[in-house]
Amino acid sequence: MIIRRYTALIIILLSAWGFPAMAQPSPVWNAADIKLQLKKLDTLGSVLYIAAHPDDENTRLLGYLAKEKLYRTGYLSLTRGDGGQNLIGNEQAELLGLIRTQELLAARRIDGAEQFFTHAQDFGFSKNPQETFTIWDKEKILADVVYMIRKFQPDVIICRFPADSRAGHGHHTASAMLAEEAYTAAADPNRFPEQLSLVKPWQAKRILWNTFNFGSINTTSDDQFKMDVGSFNPLLGKGFGEIAAESRSQHKSQGFGVPASRGSVAEYFLTIKGNTPKHSLLDDVNTSWSRIPGGNKVGALVDAALAAYNMEDPSASVPALLEIRRAIQALPDGYWRNLKLKETEQLIYACAGIWAEAYSATPTVVPGYNMEATVQLINRGNVKVTLEQVDLPGKPNIAGKQELAYNKFTSISQSLAIPAGTPESQPYWLAAAHPVGMYVFSDPLLVGNPENVPALQATIRLRIGDQDFTISRPLQYKYTDPVKGEIYQPLVIAPPVVADLSNQVYIFTDTKSQAVPVKIKAMADNVKGTVHLRLPTGFTSANNNATYALAQKGDEVELRFNINPVKGITDNHVDTFTVVMENNGKEYTQSMQQIRYDHIPLITLFPAAQARLVSVNLKHNGNRLGYIPGAGDMVAASLRQVGYDVTELSEKDIMNGNLQQYDAIISGVRAYNVNARMKYWQPKLMEYVKNGGKLVIQYNVNDPLVINDLGPYPFGLSRNRVTDENAPVNFINPKNPVFHYPNEITDTDFNGWVQERGLYYTVNADKAYDKLFTMNDKGESPLDGSTLLAHYGKGCYVYTGISFFRQLPAGVPGAYRLFVNLISVK
């Protein structure tokens, strides 16, 4: 337990200084960075910012606090943003949360703050905190916020949102409510006493609301405390408006690229509890070394080191830093003593020019098998450094004692057996099944962690001057890309064999069998065994047993199974099957999924090799569909599952092709927001409808649109939505043919939906449109703008804000039936 806490602290501290463990092999600071960190070493103050989601944070304020005021600054995002939309790909839910986690970490590398999370999962838009707390376990998340306050020990807590409807989102309001309650609870030893073996009660000086001016809502006023955060920092060569833009623009999946601002700008604050600041956010907080017993001596040493610092020769500061380290070690154990000790050590490494990394020769390794590892070091400073020992997992002391001569590159390679119990590269919050709204993990030391602590690390023991140091470096995979150059990726720890299913949903409309190809991939040499499908009751497979033998790591074989229902389809229901692989007497049920984007590290996870078996009483008319991709969704793939021939339409297809060959054309989600060509394609699409085609437009947000007229007749888009996936749905005109052909749509078709009914509904629609449904969240007026249908010329136009992009990939039977009716309407 002690070792794990120490390792986690190392990772957190590296992240605190802008160098997350998984981002680079070794922190690299230039002379200006070192000067800034020396100044920060002399500052003992901290601020914790609390909100609900990735991109809620005020990056300008975080950067200013971390790099100008030099406070330890953290952002506690209650969720990982799993319930948002994705503008760069088709990942949704937990996969989107993984992307947004890494985008937050990329932002923190720029603005200098630290990143934390709770057990809460973003389950989608919530209209009020009452709804939020019916899905979130309020007491569990409150405990997380209390734990983070006790662990981080902020002098000041700042909320992004107010605890009322002005927050604009139930999660936002909930974050402010939880922060205010936690401010008091964290200081009370009777609240969450089980935490006190790890942390101690903590009372922050004050909790503030960082008021805002967003669009039409201005919550700032001249009587609030305010400060200018638009200053220019010459050591950084940037102002904090520039840093904020760079940081915020890391939220690429949300389309949050923003321009840089320059010059003075004020941030405003309203006091929630505690006294109101008059001069500084940290009024009445001692941020000097005198805040801890015996700290005056350390402060004097730091001041002297800062005054003597020579940017032309940082290594000249090492003796002074060694003296500072010795003085800090003599202080009583405590929060600031331990934090500043690690900061001092990072400064010593930087001034001494120590560079170190550990990497694997292959991107993937398997517990129980061998791997080749290399540790590389160089001493690029004018300081005597001795390498005392290098330890790898299961291989202590792989290198003898030696001097690290100036600028001489040292490389040490070693073959080692990966310990059999090494955990696989599964994000800790996804390791166990979880209910909607809450992740499940039991280790209290994981609370707050943005990602896993690396399972395989090298330990490097050095002697610098007369003092001993220990550096930990995660084993990573390093390779050279002919275009991008040297690339570092997190090392993947995998099971010996994984299965890949080409589809996540299999639709059965009758008892006809379906072929299920299963690709078995070896993650190690010489793997062999058997494979079968673990089928639910009601399904069978005539060939449900196969063997595989793969000689080399990376080899693959595709096995084909045939699944069919035992009985005919009489009702709609969803089941799940699992691929089970046996190897060396052990069963494995994992697949491997990787998410690749240039702006974040490679993400690898090992979800269960499962797929849904959806039994649905489904008829469909027509066969050929055209699909215009939007911001990213799986609707086209879902339609192929039910037998449609779907063609993704290109510029040439739309402008010069024969669109009338398609029984229907569908636009992907937010196509009119992200595809500038829609402005030029729209006349062709309207001509297609006029000549007898069927056009279905899926949801778009109301701003920005590349064209205002989305249909043949006028309508507008709002922010109206129905967030309760179980909200009753009423048919405005039950006799409308769309409810009867080719499938009889009933209330039961709206059972089993996920996350929401729909979003960004239409308003002010021309009378030429038929409105199909009314629906509403509890306590609200019915909304009639979810779906519009209009006949135009010989064809039919449909606009729908119903979230088919979530329902179809989730295998919701009724959503398939309704969508097929919309693309078949006469």
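Note that the structure is a prediction, hence the values are computed from the model and not measured.

Chemist: Summarise the overall build of the chain; cite the residues concerned and give the values.
Modeler: Within the chain one finds 17 helices and 46 strands. For a compact globule of 826 residues, the expected C-alpha radius of gyration is about 28 Å, and the chain comes in at 29 Å, within 12% of that figure. The principal-axis extent of the C-alpha atoms belonging to the chain is close to 85 × 70 × 55 Å. Counting all 826 residues of the chain, 58% fall into the buried class. Pairs at least 24 apart in sequence give 75% of the contacts found in the chain among residues at least 6 apart.

Chemist: Now, about the nonpolar core: what can you tell me, with residues and values included?
Modeler: Core analysis: the biggest nonpolar cluster contains 78 residues, and Ile665, Phe715, Phe773, Tyr797 and Phe819 have the highest contact counts within it. When residues no more than four places from it in sequence are discounted, the contact partners of Phe715 are Leu710, Thr762, Val763, Asn764, Ala765, Tyr769, Leu788, Tyr797 and Tyr799. Counting 57 residues, the second-largest nonpolar core is a separate cluster that includes Leu38, Leu321, Leu341 and Cys351.

Chemist: Could you give an account of helix 8 (residues 240-248), naming the residues involved and the relevant values?
Modeler: Burial analysis of helix 8 places seven of its nine residues in the buried class, which makes it a mostly covered element. Inspection of helix 8 places Phe240, Gly241, Glu242, Ile243, Ala244, Ala245 and Ser247 among the buried residues, and these make up the whole buried set. Lining the buried residues of helix 8 we find helix 3 (59-67), helix 4 (93-111), strand 9 (232-233) and strand 10 (238-239).

Chemist: Report on the pattern of salt bridges, specifying residues and quantitative values.
Modeler: What the rule picks out here adds up to 32 salt bridges. Arg100 is paired through a salt bridge with Asp55; the nearest N and O atoms lie 2.6 Å apart. One end of the pair, Arg100, is in helix 4; the other, Asp55, is in the loop between strand 1 (46-51) and helix 3, with 45 residues separating them in the sequence. By relative accessible area, which is 4% here, Arg100 ends up buried. One salt bridge connects Asp784 with Lys771, and the closest N-O pair in it is separated by 3.3 Å. Placement of the pair is Asp784 in the loop between strand 44 (773-775) and strand 45 (787-792) and Lys771 in strand 43 (residues 770-771), with a sequence separation of 13 residues. Taking relative accessible area as the criterion, Lys771 reaches 31% and is therefore assigned partly exposed. Here the residues in one salt-bridge network are Lys138, Glu139, Glu181 and Arg191, joined through shared partners.

Chemist: I'd love a proper account of the sheet that holds strand 22 (residues 497-501), names of residues and values included.
Modeler: On the basis of which strands lie adjacent, the open sheet formed by four strands has the order 22-24-28-26 and antiparallel pairing. Looking along the sheet, the strands with just one partner apiece sit at the ends: strand 22 and strand 26 (539-541). Mean inter-strand twist for the sheet, computed between neighbouring axes without regard to direction, equals 35°. In the sheet, strand 26 pairs with strand 28 (residues 556-565) via three bridges, with the strands oriented antiparallel. Within strand 28, the position partnered with Thr540 by the bridge is Asn564.

Chemist: Account for the sheet that holds strand 1, with residues named and values stated.
Modeler: One key point about sheets: their strands pair by backbone hydrogen bonds, in either a parallel or an antiparallel sense. One open sheet accounts for seven strands, arranged 3-2-1-4-5-11-8; its pairing is mixed. Of all strands in the sheet, those with a lone pairing partner are strand 3 (114-117) and strand 8 (225-228), marking the two edges. Averaged over all neighbouring strand pairs, the angle between strand axes comes to 30°, with direction disregarded. Examined bridge by bridge, strand 4 (residues 156-159) and strand 5 (residues 206-211) share four bridges and lie parallel to one another. By the bridge assignment, Ile158 is partnered in strand 5 with Leu208. Relative to the sheet, helix 3 contacts strand 1, strand 2 (72-77), strand 4, strand 5, strand 8 and strand 11 (266-274), its axis offset from that of strand 2 by approximately 150°. Along the sheet, helix 4 contacts strand 2 and strand 3; its crossing angle with strand 3, the most-contacted strand, is approximately 155°.

Chemist: Summarise the confidence of the model for the chain; cite the residues concerned and give the values.
Modeler: It should be kept in mind that the predicted coordinates are not to be read in detail where pLDDT is low. Of all residues in the chain, 97% have pLDDT values of 70 or greater, and the mean over the chain is 94. Low pLDDT, under 50, characterises residues 1-23; the stretch is placed with 46 contacts to residues that sit more than four places away or in other chains.

Chemist: I'd like to hear about unusual backbone geometry, residue by residue, with values.
Modeler: Residue Asp703 is joined to Pro704 through a cis peptide bond whose omega torsion reads 0°. The amide bond that connects Tyr741 to the next residue, Pro742, takes the cis arrangement and shows omega of -5°. Checked against the element boundaries, Pro742 lands in the loop between strand 40 (729-731) and strand 41 (758-759). Phi angles above zero are rare outside glycine, and Gln153 is one such case at about 55°.

Chemist: Give a detailed account of the packing of aromatic side chains, specifying residues and quantitative values.
Modeler: One pass over the full model with this rule turns up 31 aromatic pairs. Geometrically, the ring pair formed by Tyr428 and Trp429 is edge-to-face, given 5.0 Å between the ring centres and 85° between the ring planes. As far as burial versus exposure is concerned, Tyr428 and Trp429 are alike and both buried. The interplanar angle of 55° and the centroid separation of 5.1 Å between the aromatic rings of Phe715 and Tyr799 together place this pair among those described as tilted. Here the residue Phe715 occupies a position in the loop between strand 37 (694-697) and strand 38 (716-717), and Tyr799 occupies one in strand 46 (residues 795-800), the gap between them amounting to 84 residues.

Chemist: Tell me about the side chain of Gln121, and please be specific about residues and values.
Modeler: With respect to the helices and strands, Gln121 occurs in the loop between strand 3 and helix 5 (129-135). Look past the residues within four positions of Gln121 in its chain and what remains in contact with it is Thr79, Asp82, Glu94, Trp136, His434, Pro435, Val436, Gly437, Met438 and Tyr439.

Chemist: Outline the environment of Leu270, supporting the account with residue identities and numerical values.
Modeler: Residue placement: Leu270 occurs in strand 11. Between the C-alpha atom of Leu270 and that of Ser472, which follows or precedes it by 202 residues, the distance is 42 Å. Those residues within four positions of Leu270 in sequence are excluded, and the remaining contacts are Ile207, Leu208, Trp209, Thr211 and Gln224.

Chemist: Can you tell me about the pairing of strand 25 (residues 527-534), naming the residues and giving the values?
Modeler: Pairing of strand 25 with strand 27 (residues 546-550), which is carried by five bridges, proceeds in the antiparallel orientation. Bridging across to strand 27, Val527 finds its partner in Leu550. In this sheet, strand 29 (residues 573-583) lies alongside strand 25 in antiparallel orientation, the contact comprising four bridges. By the bridge assignment for strand 29, His532 is matched with Val580.

The rules behind the values
Residues numbered from 1 in each chain as written. Predicted model: local features only at pLDDT ≥ 70, side-chain atom pairs only at ≥ 80, totals over all residues. Heavy atoms only, no water. Helix = DSSP H or I, 4+ residues; strand = E, 2+ residues; numbered from the N terminus. Rg over C-alpha atoms; globule rule 2.2 N^0.38 Å. Buried < 20%, exposed > 50% of the residue type's maximum accessible area, 1.4 Å probe, protein only. Contact = heavy atoms within 4.5 Å. Core = buried A, V, L, I, M, F, W, Y, C linked by side-chain atoms within 4.5 Å. Salt bridge = Lys/Arg side-chain N within 4 Å of Asp/Glu carboxyl O. Pairing = 2+ DSSP bridges. Axes fitted to C-alpha atoms, helices over the stretch in contact; angles between N-to-C directions. pLDDT = per-residue confidence, 0-100. Phe/Tyr/Trp six-rings, centres within 6.5 Å; stacked < 30°, edge-to-face > 60°.

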